[in-house]
Amino acid sequence: MRVVVGISGGIAAYKAALAIRELVQAGHDVHVVPTASALRFIGRPTLEALSRNPVTDEVFDDVAAVRHVALGQSADLIVVLPATANTLAKLATGLADDLLGTTVLASRAPLVLAPAMHTEMWEQPAVQANVRTLVERGATVVGPVEGSLTGGDTGLGRMAEPTEVVAAALARVAGAGSLAGRSVVVSAGGTREPIDPVRFLGNRSSGAMGVALASAARDAGATVTLVGANLHVPAPHGVTTVEVETTAQLRERMLELGDADVVVMAAAVADYRVDGVSDAKRTKEAWGETPTLTLALNPDILAELSRRPRSGLVVGFAAETEADDAALLQRGRDKLARKGADLLVVNRVGHDEGFGHVDTRVRVLDGSGVVADAAGSKASVARAIIDAVAQRLAARPASTASSLTASQERQ
Ligand code: CTP
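What this report covers is the structure whose coordinates are included nearby. Because the structure is a prediction, the values reported are computed rather than measured.

### Focus on the site of the ligand
Then step 1. The local shell around the ligand holds 16 residues, among which M265, L302, F317, K335 and K339 are the closest.
Then step 2. M265 places a polar main-chain atom, nitrogen or oxygen, 2.7 Å from an oxygen atom of the ligand.
Then step 3. Between the ligand and P299, the relevant distance is 2.9 Å, taken from a nitrogen atom to a main-chain nitrogen or oxygen of the residue.
Then step 4. Protein contacts shield 79% of the accessible area of the ligand, which totals 570 Å² for the unbound molecule.
Then step 5. Of all elements in the fold, only α12 (301-307), β16 (313-320) and α13 (325-339) reach the threshold of two or more residues within the shell around the ligand.

### A look at the pattern of salt bridges
Then step 1. Under the counting rule described, the total for this entry stands at 16 salt bridges.
Then step 2. Here E320 ties to R331 by a salt bridge, and the two come within 2.8 Å at their closest N and O atoms. Note that E320 is positioned in strand β16 and R331 in helix α13, a separation of 11 residues in sequence.
Then step 3. Judged by its relative accessible area of 4%, E320 is buried.
Then step 4. Under the relative-accessibility criterion, R331 is labelled partly exposed at 42%.
Then step 5. For D366, the salt bridge is made with R392, and the minimal N-O distance between the two is 2.9 Å. On the criterion of sequence distance, the pair formed by D366 in strand β18 (residues 359-366) and R392 in helix α14 (residues 378-394) is long-range, its members being 26 residues apart.
Then step 6. Here D366 falls in the buried class, since its relative accessible area comes to 11%.
Then step 7. Three or more residues are tied together by salt bridges with common partners; here these are K90, D97 and D98.

Reading the values: the criteria
- Residues numbered from 1 in each chain as written.
- Predicted model: local features only at pLDDT ≥ 70, side-chain atom pairs only at ≥ 80, totals over all residues.
- Heavy atoms only, no water.
- Near = heavy atom within 4 Å.
- Polar contact = N/O pair within 3.5 Å; in protein donor to acceptor, adjacent residues only side chain to side chain.
- Areas by Shrake-Rupley, 256 points an atom, 1.4 Å probe, with all protein chains shown as cover.
- Helix = DSSP H or I, 4+ residues; strand = E, 2+ residues; numbered from the N terminus.
- Salt bridge = Lys/Arg side-chain N within 4 Å of Asp/Glu carboxyl O.
- Buried < 20%, exposed > 50% of the residue type's maximum accessible area, 1.4 Å probe, protein only.

Structure representation (structure tokens):
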């Protein structure tokens, strides 16, 4: 396959070398099109040696071969890594003032973009609008992920690992990601239970894990709906997002959407709601010195989704503070059995672990024990979970409709 690797001018440009090598080793004919500023970060000889093809950023080189359109026309796939804010803006606008711009415009090949920039830049409405435009026109966006950035800061904006960009790009062309043709619904974030019009009971979930799962499922080829409860992180592109606030709203949406091939309950659901929500703001005067809130138990959405007749796979999460590993897994096994889900992702949380933090470790359990064990960034852990889900689905095709509960099915 002929792959054009576009490189734009960010520090992550050096990582493009790894992607080029991987693509060449996999037997692809790789043509590298750097922008002028990319060549200030990585040398042309490196790119030529790795790609085994000549490299130029010049529209006016090799004019007789009509290079500015020839590459684009003949490409089977274009991958731009890193895609800087500037290059995303140019591609979204359709600018053709360099060889990368003309190549992308002259091509009908799938376009895969791996953005890399500082968090503030990534979160700018202008950048988000450009990415949305590109996704709406069919581009696949891989990452960015959370991690350390060049300035010593940490956050969302780090380029996805080159090997992951290559995997997503190849899956896009093959149309055969491990979840291609599957529908996936992921709940993320933390529900809030109103006390009065201005106050709520909530939890510390940022939604980062659920968002990473939605992105990983999208990269694996699934059609993804994210039901986001009060997310602190941006919803991923290429995913339909539905916003909810309370557990009742989340439940309604999940029951509506829950006949997907895969349903993942990654949201931190409030176990209790306030009984007797006040229509007016509660004043100190009315509340007194030792106010009491009466709580009512919320329905267990995961158990409900698992126990009702279904054909899809139901995946739950268990965030536990249990320090002892064996006890942690035992709690996970008990929870899996109690809720009736097919898979349960167990992770340890504490004041310093889990919530909003970059690194995490999870174990995925089914009725027989641990089926996956992954640690690292939320993005890589999410991919491992999606792999486990895909394996489980492959063993149990979506067409096998069943009215059995999960526990009956296992027998
Ligand atoms: N969950 C749910 N509805 C609830 C509570 C939890 O769907 N009312 C889901 C969560 O999304 C998660 C799983 O159940 O996938 C486990 O959540 P967790 O809070 O660990 O379970 P609980 O049943 O609340 O158990 P515990 O008593 O340990 O808090």
